[in-house]
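Reading the structure
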Amino acid sequence: MSLYDKFLDGSVIALSRIISHIENLRPGYQELLSRLYRRTNGIYRIGLTGPPGAGKSSLVNLLAGQLADDGRRVAVICVDPSSPFTGGAFLGDRIRMQDIPVDKGVFIRSMGSRGSTGGLAAATSNVTVALDAFGFDTLIIETVGVGQMELDIIDACDTVVVTLVPESGDAIQALKAGLMEIADVFAVNKSDRAGAEQMLYDLKSALEMRTEKSKWEVPVIATQALHKKNTEELLRLILEHKSFLETSGQLSHIRGLQLQKKVETVITRLVFRDISSNILSDGVLEKAVDKIMKGEEDPYSAGMRLYKRFKLGS
Amino acid sequence: MADKIRVLLAKPGLDGHDRGIKVIAAAFRDAGFEVIYTGLRQTPEQIVTAAIQEDVDAVGVSILSGAHMILFPAILELLKKEGGEDILLFGGGIISKEDMVDLKKAGVAKLYTPGATTTEIVDWLKSAVKDKKSDEKIL
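All figures in this text were calculated on a predicted structure; none of them were measured in a lab.

The helix and strand inventory of chain A stands at 11 helices and 8 strands. With respect to the principal axes defined by its C-alpha atoms, chain A has extents near 65 × 55 × 40 Å. Looking at chain A residue by residue over its 314 residues, the buried ones come to 40%.

Here it is in structure tokens:
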């Protein structure tokens, strides 16, 4: 019996090992993914993003528990940073997810970002395909702690929750592009701390100043994950956004855009693989650098020369 | 490129001394491993569920409470039950020589006691994972 057959039989360990195949780009992973894709059912994907220490994992802990209580089949992907020096990672999100009882069937997978800088791992959205094909109907994706511009989450989910804390900044920060633009729901967590009221006010007024009006009014909610305050209300707002997406036709619109990017990514990856195995093999790059250092060539014409050679070869 | 080594580290039972396991976690991270730390007071069920979901190569537990003769076998049994018998179980703690012999017989891959260096633990895990081959067909 192959791993894939066991997966189809509902084996959790087979799912888990298939995820590793996808994550490690082991030979045959593309074929595996295209088979898995054909079994997907359009899993609903909630993304949680925000700065480190805002309480994302603790909120996921409560949201996943509530969703499972409601009878949904829930999976969680939590991404933490990989070291740019050693490639190692300390994946510590799970430690906050202890309230999810093991018998509820919630599947939690931690991923190292492995060189990606957009807040997710390169394989995160492919792992989503495996979870969807396995039969989960709701997925929560938690990004690494982000700053202002790690926005990969918008291509990997349907509803984005931006989690902030009272210390996340003032009215000027709330007006900035990037992170502050991608929220479908804002949660100001740790709202028992000083400054929470002001933060809520600043976010709301920044939202009012938007000229590009959507039919979805982005709600702002104060939560306290530690004291389970307002977390049920947060889930209600998330699911309200889900209904909005479904009834307004937005869901198929954003999924279409995401698929377009997905196909682009598949092509880019193949081209990049070709480039690294054709142009950059056999010390070609080192030779070029040598010439540049000697003053015989410059980096721009070296790049164009090598690219032309690659195009002629293909 | 070789696959990244993934390890789950956990503290089962009731003792709350996690300094040691955090040192190990940092050493593994610096060795290039992906370390999933699940924290204190874990039941064997929680540990094994996490190990299966995370598809780790090894599970490392730290037990300073004296309950090792109960906790190690319980984890081994559950791993087997869930189809994860190829996941290495290793650990550290205050464990007598006699108990170590029994635990190794039961299937614990490696045990460390006070004085073990992080380098030897890292080196052991690297080679132990390398020896563990899987020829399972994917499709």
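Moving on to the domain arrangement of chain A. How large an interface is tends to be reported as the accessible area lost when its parts come together. All names here are of chain A. Here the domain parsing of chain A yields domain 1 (1–39), domain 2 (40–248) and domain 3 (262–313). The centre of domain 1, based on its C-alpha atoms, is set 26 Å off from the matching centre of domain 2. In terms of residue count, the dominant contributor to the side of domain 1 that touches domain 2 is helix α2 (residues 12–23) (5 residues). For the side of domain 1 that touches domain 2, the per-class residue count stands at 8 nonpolar, no polar and 2 charged.

Okay, helix α5 (residues 124–134) of chain A next. Residue and element names in this part refer to chain A. Of all 11 residues that make up α5, 11 are buried, and the element is covered over most of its length. Those residues of α5 that fall on the buried side of the exposure criterion are Thr-124, Ser-125, Asn-126, Val-127, Thr-128, Val-129, Ala-130, Leu-131, Asp-132, Ala-133 and Phe-134. Phi turns positive, to about 120 degrees, at Gly-135, one or two residues after α5.

On to the interface of chain A and chain B. Contact with chain A, which involves 30 residues of that partner, is made by 30 residues of chain B. Contributing elements (two or more residues each) for the side of chain A that touches chain B: α1 (3–8), α2, α3 (29–37), β3 (89–91) and β4 (107–112) of chain A. Considering each element in turn, the side of chain A that touches chain B owes the most residues, 7 residues, to α2 of chain A. In the sheet, β3 of chain A pairs with strand β2 (residues 34–37) of chain B via 3 bridges, with the strands oriented parallel. Bridge pairing links Ala-89 of chain A to Glu-34 of chain B in β2 of chain B.

Glancing now at the sheet that holds strand β6 (residues 159–164) of chain A. The pairing of strands in a sheet comes from backbone hydrogen bonds and takes either a parallel or an antiparallel form. All names here are of chain A. Pairing in this open sheet of 7 strands is parallel, and the strands run β4-β2-β5-β1-β6-β7-β8 from one edge to the other. Of all the strands in the sheet, just β4 and β8 (220–222) have a single pairing partner and so form its edges. Across the sheet, the axes of successive neighbouring strands diverge by a mean angle of 20 degrees, strand direction being ignored. Across 5 bridges, strand β2 (residues 74–80) lies against strand β5 (residues 138–142) in parallel orientation.

The rules behind these values
Residues numbered from 1 in each chain as written. Chains lettered and ligands numbered in written order. Predicted model: local features only at pLDDT ≥ 70, side-chain atom pairs only at ≥ 80, totals over all residues. Helix = DSSP H or I, 4+ residues; strand = E, 2+ residues; numbered from the N terminus. Buried ≥ 20, exposed ≤ 12 C-beta atoms within 10 Å, placed from the backbone. Domains from an automatic or database assignment. Nonpolar A, V, L, I, M, F, W, Y, C, P; charged D, E, K, R; others polar. Contact = placed C-beta atoms within 7 Å. Pairing = 2+ DSSP bridges. Axes fitted to C-alpha atoms, helices over the stretch in contact; angles between N-to-C directions.

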